[in-house]
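Inside the fold
The primary structure of each chain is shown beneath.
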Amino acid sequence: MTLIETLNKFVEGAKKRASMELSRNSQEGEAIGTTLQQLHDAVARAANQQAAANVPAPAVDGAAAPPGDPVALEQCQALLSTVDRLRQQVLRQAQVLELLQSTGVTNTTISLKISAELQPLPLPDSDTDGAAAPTAASEATAAGKGAAVRPTTGQKGGRPGTSGGSPGKAAPPGRQAQANATASVAAEGAQVIEAPAVPLSRDISAVIDAAKQEVETAAKAYYTSKEANRPIRYPAKIAPGLKEFMAGVDAVLQGLQQMLQEHVATAAKQLRVQVVQTQRLLERVPAAVMVLYVKHLLAAADQQRSKLLGDFAGRRQVLDQQLERNKHSLQPSMLHPSRSGCAVPSRRSSRA
């Protein structure tokens, strides 16, 4: 009875384990096919958006609108996630089927976060002497032309505690936002290397070898302790001798090995076809990603342009009002001195 229990536990357990692992591997192959179809659909959608790029987008309230084009950004993020998921699936399947010649290829988890906003471009503030403070773009242009650039902290003529701007001013919000975004992406982009997948043949072969060893140990103990004249209680399952018994067990386990080899050959052929399909799709992915991301950036730039125009209109209105107040505070003859054709007479000349 102990021998039958051992036979059922290990041989039948090896059958179930092999069937479960082979079925799981088949599902992973089907999952790669599903991801390939998703990637193909995403690339096709991006191509359709590129064809309809000249169609004007509906007007949206700038105050309530999210930055850029959230739909295009979401599709771009989903496209990159699909590519990364396909990379992980293909790599794992290649490791499971032992098709990689290089052992240095690892499954690395990376950050796929995309910046959703442009660098802010606020209107420049007025300096203490009334001149407009130079922007980063104007400073770079002046430096390229050989013009003098306002000295920064620690340079000759620079104001202490400043970077060439007004006293007490902090760094421009655009630069600060860009620095914060870069630090955030760097923090989230920490790579995590996952352990390689266990090869399918090695895993199932280890189960088969362990089952054979356990059954052989139990069979030797049974036939050694069995009396020669005692009949076998279950002759359908237990052979008369150890050699015949182990031959039957080996036949069952060799059948599992044959099934494993056939599955690996079929799965390897399927994976090679999927790798070719992946390569052809990846040739179209960069253009699709750029179409979606550029669409988002153009929408963000248009929103930023509208905001700058609004800010400029408000600034101009304030300056026009200030100009009118200055005009009314002047003498009537000083409003337009160039029209009179002569300079404004002084009090001393009028007395004379």
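Keep in mind that this is a model prediction, so the values were computed, not measured. (Residues numbered from 1 in each chain as written. Predicted model: local features only at pLDDT ≥ 70, side-chain atom pairs only at ≥ 80, totals over all residues. Heavy atoms only, no water.)

As for the confidence of the model for the protein
When the pLDDT values of the protein are averaged, the result is 76; 65% of them are 70 or greater. Under a pLDDT of 50 for its full length, residues 127-169 has, in the predicted model, 42 contacts with residues more than four places off or in other chains. (pLDDT = per-residue confidence, 0-100. Contact = heavy atoms within 4.5 Å.)

Quick word on the packing of helix H2 (residues 70-96) against helix H7 (residues 285-329)
Across the interface, H2 lies against H7 with an axial gap of 8 Å and an inter-helix angle of 155 degrees. What the angle tells us is that H2 and H7 run roughly antiparallel. Judged by the sense of rotation from one axis to the other, the crossing of H2 with H7 is left-handed. For the pair formed by H2 and H7, the contact residues are Ala72, Leu73, Gln75, Cys76, Leu79, Leu80 and Val83 on the first element and Val285, Ala288, Val289, Leu292, Tyr293, Lys295 and His296 on the second. (Axes fitted to C-alpha atoms, helices over the stretch in contact; angles between N-to-C directions. Helix = DSSP H or I, 4+ residues; strand = E, 2+ residues; numbered from the N terminus. Parallel < 35°, antiparallel > 145°, perpendicular 65-115°, else oblique. Left-handed = near helix turned anticlockwise from the far one by under 90°.)

Overview of the nonpolar core
Leu39, Leu79 and Phe245 are the most contacted members of the largest nonpolar core, which totals 50 residues. Mapped onto this core, the elements with two or more residues apiece are helix H1 (2-51), H2, helix H5 (200-225), helix H6 (242-282) and H7. With 13 residues, the single largest contributor to this core is H1. Excluding anything up to four places from it in sequence, Leu39 contacts Leu79, Thr82, Val83, Leu86, Leu281 and Val285. (Core = buried A, V, L, I, M, F, W, Y, C linked by side-chain atoms within 4.5 Å. Buried < 20%, exposed > 50% of the residue type's maximum accessible area, 1.4 Å probe, protein only.)

Regarding the packing of H5 against H6
Across the interface, H5 lies against H6 with an axial gap of 10 Å and an inter-helix angle of 175 degrees. The angle between H5 and H6 places the two elements in the roughly antiparallel class. Note on element contacts: H6 touches H5 through Leu242, Phe245, Met246, Val249, Asp250, Leu253, Leu256, Gln257, Leu260, His263 and Val264, opposite Leu200, Ser201, Ile204, Ser205, Ile208, Lys212, Val215, Glu216, Ala219, Lys220 and Tyr223. Partitioning the contact of H5 with H6 into residue classes produces 14 nonpolar, four polar and four charged. (Nonpolar A, V, L, I, M, F, W, Y, C, P; charged D, E, K, R; others polar.)

Points about H2
For H2, with 27 residues, the first-to-last C-alpha span of 38 Å sits near the 39 Å given by 1.5 Å per residue. The N-cap residue of H2 is Asp69: its side-chain oxygen and the backbone nitrogen of Val71 are 3.2 Å apart. Just downstream of H2 lies Glu98, where phi reads positive at about 60 degrees. (Expected span 1.5 Å × (residues − 1). Polar contact = N/O pair within 3.5 Å; in protein donor to acceptor, adjacent residues only side chain to side chain.)

Brief notes about H5
The end-to-end C-alpha distance of H5, which contains 26 residues, comes to 38 Å, matching closely the 38 Å that a straight helix rising 1.5 Å per residue would cover. When H5 is considered as a whole, its buried residues turn out to be Leu200, Asp203, Ile204, Ser205, Val207, Ile208, Ala211, Val215, Ala218, Ala219, Tyr222 and Tyr223.

Focus on the environment of Val291
Here Val291 is to be found in helix H7. For Val291 and Gln49, which are 242 residues apart along the polypeptide, the C-alpha to C-alpha distance reads 7.7 Å.

Some words on unusual backbone geometry
The residue Glu98 is not glycine, and still its phi comes out positive at about 60 degrees. Checked against the element boundaries, Glu98 lands in the loop between H2 and strand S1 (107-109). Since its relative accessible area comes to 43%, Glu98 is described here as partly exposed.

Remarks on a nonpolar patch on the surface
Together, Met290, Val294 and Leu298 make up a nonpolar patch on the protein surface, roughly 280 Å² of accessible area in all. Structurally, the position occupied by Leu298 is in helix H7. The exposure class of Leu298 is exposed, given its relative accessible area of 57%. (Patch = residues over 30% accessible without salt bridge, like charges linked within 9 Å, V, L, I, M, F, W, Y side chains within 5 Å. Areas by Shrake-Rupley, 256 points an atom, 1.4 Å probe, with all protein chains shown as cover. Salt bridge = Lys/Arg side-chain N within 4 Å of Asp/Glu carboxyl O.)

So, the pattern of salt bridges
This model, assessed by the stated rule, comprises 13 salt bridges. Between Asp203 and Arg17 there is a salt bridge, and its shortest N-O distance comes to 3.2 Å. With Asp203 in helix H5 and Arg17 in helix H1, the pair connects residues that are 186 residues apart, well separated along the chain. Residue class for Arg17 comes out partly exposed when judged on its relative accessible area of 29%. Sharing partners across several salt bridges, the network here consists of Arg17, Glu21, Arg24 and Asp203.

Details of the side chain of Asn25
Along the chain, Asn25 falls in helix H1. Judged by its relative accessible area of 3%, Asn25 is buried. Here His263 takes part through its side chain, which lies 2.9 Å from a polar atom of the side chain of Asn25. For Asn25, the contacting residues outside a window of four places in its chain are Gln93, Val96, Leu97, Leu200, His263 and Ala267.

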